[in-house]
Amino acid sequence: MAALLRGSRCLVGKCHNHVNAVQVSIRSMASKTQVGFIGLGNMGNPMAKNLIKQGYPVMASDVFPESCKELQELGAQILDSPADVADKADRIITMLPSSPNVIDVYTGPNGILKKVKKGSLLIDSSTIDPAVSKEMAVAAEKLGAVFMDAPVSGGVGAANSGKLTFMVGGPEVEFNAAKELLSCMGGNVVHCGQVGTGQAAKICNNMLLAIGMIGTAETMNLGIRLGLDPKLLATILNMSSGRCWSSDTYNPVPGVMEGVPSANNYQGGFGTTLMAKDLGLAQNTATNTKTPVPLGSLAHQIYRMMSARGYANKDFSSVFQFLREEEGQ
């Protein structure tokens, strides 16, 4: 029925608004119907758990069966493929590592679009090339479904606590329907514009995050070399103009903060290879738009170097450890 409403046209603005309102209300009435979730990694797993906590029946799938065990114990139904999920759920969230993964999950032999229902709402929270998001939206639209990009910020901690920030790109008329689900997993859900703009916002955010983390690591390392206690230095930074997320929430120096990857040998969190991937996306878009990003480019080189030198699976805050080792410390 949602598809029929979406396909209808009205010459009067008020009537069009009424159709939009009816469409949204139909989605809301189905609020506790099943939700598909594909991709149960460090981020996807806690996101899906929060949907279950909010009372949504979850139907999940992941290429690694062991990733599904915990969710299955919480009551999720585990299916073999994205196509199987699309066959049973008309609202699906995907959380995948890269553009090729998204293309395969949506358009591959066992992809979502093989069995997608008309009127389905497809929300991709992966961080990928905005051009790929646009391609997926076109492919979904041909089958009567709606695709929206909704990448996240906040890391594993925010995913666990349900306080992620979602940057959403897609038709404004569908935003409230998407927000209803995303609000179960995040504290901020922001509509950025048409499909691809969510990815654009995320890429910009992560470029700044990478630059800030490298700057924090360099600063902390210099202070330690100058004889400052790292906890004291962090306290001073965080009450001064140098304060940033990397210093006050996700400090890269072991022993300064609890509950962050630097306190756990840089395990968990946001991997170095993923940061290198996101910085590569930033570089591609900067090249395409002829935008100068000298610090972003340098950050990309540093994280690529780290990925090649044994830091690939460590959290991106391990740049502090990398800098210390480069000095022979």
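Since the model is a prediction, treat every value here as computed from it, not as a measurement. (Residues numbered from 1 in each chain as written. Predicted model: local features only at pLDDT ≥ 70, side-chain atom pairs only at ≥ 80, totals over all residues. Heavy atoms only, no water.)

For the rest of this paragraph, the subject is helix 11 (residues 230-238). Looking at helix 11, one finds that the buried residues are Leu 233, Ala 234 and Leu 237. For helix 11, the arc enclosing every buried residue in end-on projection is 100°, short of the 170-degree limit, so these residues lie on one face. Summarising the contacts, the buried residues of helix 11 are in contact with helix 10 (197-225). Measuring from the backbone nitrogen of Lys 231 back to the side-chain oxygen at the start of helix 11 gives 3.1 Å, which picks out Asp 229 as the cap. (Buried < 20%, exposed > 50% of the residue type's maximum accessible area, 1.4 Å probe, protein only. Helix = DSSP H or I, 4+ residues; strand = E, 2+ residues; numbered from the N terminus. Arc of directions from axis to C-beta. Contact = heavy atoms within 4.5 Å. Polar contact = N/O pair within 3.5 Å; in protein donor to acceptor, adjacent residues only side chain to side chain.)

Before going further, it helps to examine the environment of Leu 113. Looking at the secondary structure, you find Leu 113 in the loop between helix 6 (99-107) and strand 5 (121-124). Residue Leu 113 is classed as buried on the basis of its relative accessible area, which comes to 13%. Distance in space between the C-alpha atoms of Leu 113 and Ala 145 is 8.9 Å, their sequence separation being 32 residues.

Turning our eyes to something else, we now look at the confidence of the model for the protein. For the protein, mean pLDDT is 91; residues scoring 70 or higher make up 90% of the total. Residue range residues 1-19 is modelled with pLDDT below 50. Its contacts to residues more than four positions away, or to other chains, number 17 contacts. pLDDT under 50 marks residues 21-30. Its contacts with residues more than four places away, or in other chains, come to 19 contacts. (pLDDT = per-residue confidence, 0-100.)

A few words now on unusual backbone geometry. Here Asn 265, not a glycine, exhibits a phi torsion of approximately 55°, which is positive. Along the chain, the position of Asn 265 falls in the loop between helix 12 (245-248) and helix 13 (272-288). Note on Asn 265: relative accessible area 48%, which makes it partly exposed. Even without being glycine, Lys 290 reaches a positive phi, approximately 55°. Within the secondary structure, Lys 290 is located in the loop between helix 13 and helix 14 (294-308).

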